Every structure is written in structure tokens, then in C-alpha cells.
Amino acid sequence: MMKTANPIDLSLYLVLDPDLCGGLDAMVSTAKIAAQNGATVVQLRAPQWKKRQWLLAAQDLKAALAPYRVPLIINDQLDIALAMDADGVHVGQQDLPASEVRRLLGPNKIVGLSTNGLAQFHEAEAMYQAGIIDYVGVGPVYPTGTKKDASPVIAVDEVAAMLQTRILPAVAIGGIQAGKVAHLMAQGFDGVAVVSAICGQADVAGATQGLLAEIHAAKGGTK
């Protein structure tokens, strides 16, 4: 696999949902506990929020994650990422083009892009080779209720075609819960992105550790 200019460990990618987590304070606490227990990336996604809420949450999250060196990715809100010097931005197909995000963020930040299907995936590979993006999210791989405007679930054979000769890092997302990780890792994903599998769980530490154990077992060893 080609080495990206901004490497990112996609193994266990936590996408925060403020409603599922129970508000700002609980969301920050969830992120911190997840980072302590092996989460490798945290993304802030709060489409219903006003900008001031985004900024305050991002600042709190950045401070909470800093001791664990877990990167904070901001979903879509480029201005927030710039204002508080986040580690990167993740955009969807209908958001600001990834090329513009890269131009405004500069070369040393992480840029991720959502893909849903083979055509979008091939376009993403060209962007990766051009240094525009650093990884892709592929999904939804299962039905999901946490993202109201989610695209249709990708067919199994299409996922296989996307991953067969890929040249860029890829994380699976969409409806992923404990017990579903090994199958996805066996398909060739670098990691899994989860929301409700950690957010809102009574035992965040245990949920994180359980997912990470599945990931490591699927990769053929333990950390």
C-alpha cells in the first residue's frame, strides 16, 4: 500500500454523537475513556449544533485527547477545524470538495472522505494519489439509524471489489456493533468506525476494549 503523507491508525475510529452520548460533558468523557482504552481516532459529528457549540466541544475534546495522542477529526466544519487547530477534517460527497479542504488546511493535516460505491471509491483513489485525501470511510456496510441521511447499504460484492486492489487506507462505517468486526477486517478494512457501539454504552471502557480485542484478533495478534 502506498504510504500516505499523513498516516492515521484507523483501527478503532470513534464517531461521537452528542445525543447518544448524553450531551457535551458526557461526550467528552466518553471520548477520553475510549482513548484511554485503545480508540485510535475520534471524530466530532454534531449536525444539529450551532457553531459556538462546535467550537467549545472541539476545544474540550482536543484537550481531553491530547495526553493519549489520539487525533481529533472534525466532520465537515472546516472553519471549526481551522479555528481550534484540529488534526483533520472528514467530508462527505455533498460537503465542501476534498480538494478545497486540502487547499485550506494545508499539507500536514488529515483529510478523510466518505465513499458509497465503486465509482466514488475509484475517484477517492485518484485523490489519494494526488495527496488530497489520507483515507476513506466506506459505508454504510450495515443498516444504521445514527445518521439520518445515510446512503443505501453497500452490497457485499461491491465492498469486495472496492477493497480487492485498493491503494489507500479504508475504514468501514455504518451499523457496526460488537461481533461484526472480524468479518469486516477479514474483507480487508484497516479498521472500523463506530458510534453507538461506544457512545451511550453503560461501560464505555469495556465496550472499547471488546471492540479492540476483536480487531486485534482479526489482525492475527494482540497488542
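These remarks concern the structure in this document. (Residues numbered from 1 in each chain as written. Predicted model: local features only at pLDDT ≥ 70, side-chain atom pairs only at ≥ 80, totals over all residues. Heavy atoms only, no water.)

In this section: the overall build of the chain. When you go through the chain residue by residue, the secondary structure sums to 9 helices and 8 strands. Taking 223 residues into account, the globule formula puts the C-alpha radius of gyration at 17 Å, and the chain, at 16 Å, falls close to it. Counting only C-alpha atoms and orienting by the principal axes, one finds that the chain spans roughly 40 × 40 × 30 Å. Expressed as a percentage of the 223 residues in the chain, the buried residues total 50%. A separation of at least 24 residues holds for 61% of the contacts in the chain among residues at least 6 apart in sequence. (Helix = DSSP H or I, 4+ residues; strand = E, 2+ residues; numbered from the N terminus. Rg over C-alpha atoms; globule rule 2.2 N^0.38 Å. Buried < 20%, exposed > 50% of the residue type's maximum accessible area, 1.4 Å probe, protein only. Contact = heavy atoms within 4.5 Å.)

Moving on, we come to the side chain of Asn-75. If you trace the backbone, Asn-75 turns up in strand β3 (residues 72-75). For Asn-75, the side chain forms a polar contact with the side chain of Gln-43, separated by 2.8 Å. Once residues lying within four places of it in the same chain are set aside, the contact partners of Asn-75 are Gln-43, Leu-44, Arg-45, Trp-54 and His-90. (Polar contact = N/O pair within 3.5 Å; in protein donor to acceptor, adjacent residues only side chain to side chain.)

With the rule as written, the count across this model stands at 1 aromatic pair. Centroid distance Tyr-13 to Tyr-135: 5.9 Å. Interplanar angle 55°. Geometry classified as tilted. One end of the pair, Tyr-13, is in strand β1 (residues 12-16); the other, Tyr-135, is in strand β6 (residues 135-138), with 122 residues separating them in the sequence. Taken as a pair, Tyr-13 and Tyr-135 share a single burial class, namely buried. Note that Lys-180 overlies the ring of Tyr-142, its terminal NZ or CZ placed 4.3 Å from the centroid. (Phe/Tyr/Trp six-rings, centres within 6.5 Å; stacked < 30°, edge-to-face > 60°. Lys NZ or Arg CZ within 6 Å of the ring centre and 35° of its normal.)

It is worth spelling out the packing of helix α2 (residues 24-36) against helix α9 (residues 204-218) at this point. Contact geometry for α2 and α9: axes closest at 9 Å, N-to-C directions at 45°. If you check the angle between α2 and α9, you find them oblique. With respect to the hand of their crossing, α2 and α9 are arranged in right-handed fashion. Residues Thr-30, Ile-33 and Ala-34 of α2 form the contact with α9, whose own contacting residues are Val-204, Ala-205 and Thr-208. Considering only residue class, the contact of α2 with α9 consists of 4 nonpolar, 2 polar and no charged. (Axes fitted to C-alpha atoms, helices over the stretch in contact; angles between N-to-C directions. Parallel < 35°, antiparallel > 145°, perpendicular 65-115°, else oblique. Left-handed = near helix turned anticlockwise from the far one by under 90°. Nonpolar A, V, L, I, M, F, W, Y, C, P; charged D, E, K, R; others polar.)

This next bit is on the sheet that holds strand β5 (residues 110-115). Two orientations exist for strands paired in a sheet by backbone hydrogen bonds: parallel and antiparallel. Taken in spatial order, the 8 strands of this closed barrel run β1-β2-β3-β4-β5-β6-β7-β8, and their pairing is parallel. Strand-to-strand, the axes of this sheet are offset by a mean angle of 25°, without reference to chain direction. Bridge analysis of β1 against strand β8 (residues 191-194) gives 3 bridges, and the strand direction is parallel. Directly across from Leu-14, in β8, lies its bridge partner Val-194. With respect to the sheet, α2 is in contact with β1 and β2 (41-44), its orientation differing from that of β1 by roughly 175°. Contacts between helix α6 (residues 118-129) and the sheet are confined to β5 and β6, with β5 contributing the most and set at about 165° to the helix. (Pairing = 2+ DSSP bridges.)

None of the figures reported here should be taken as evidence of function without further support.
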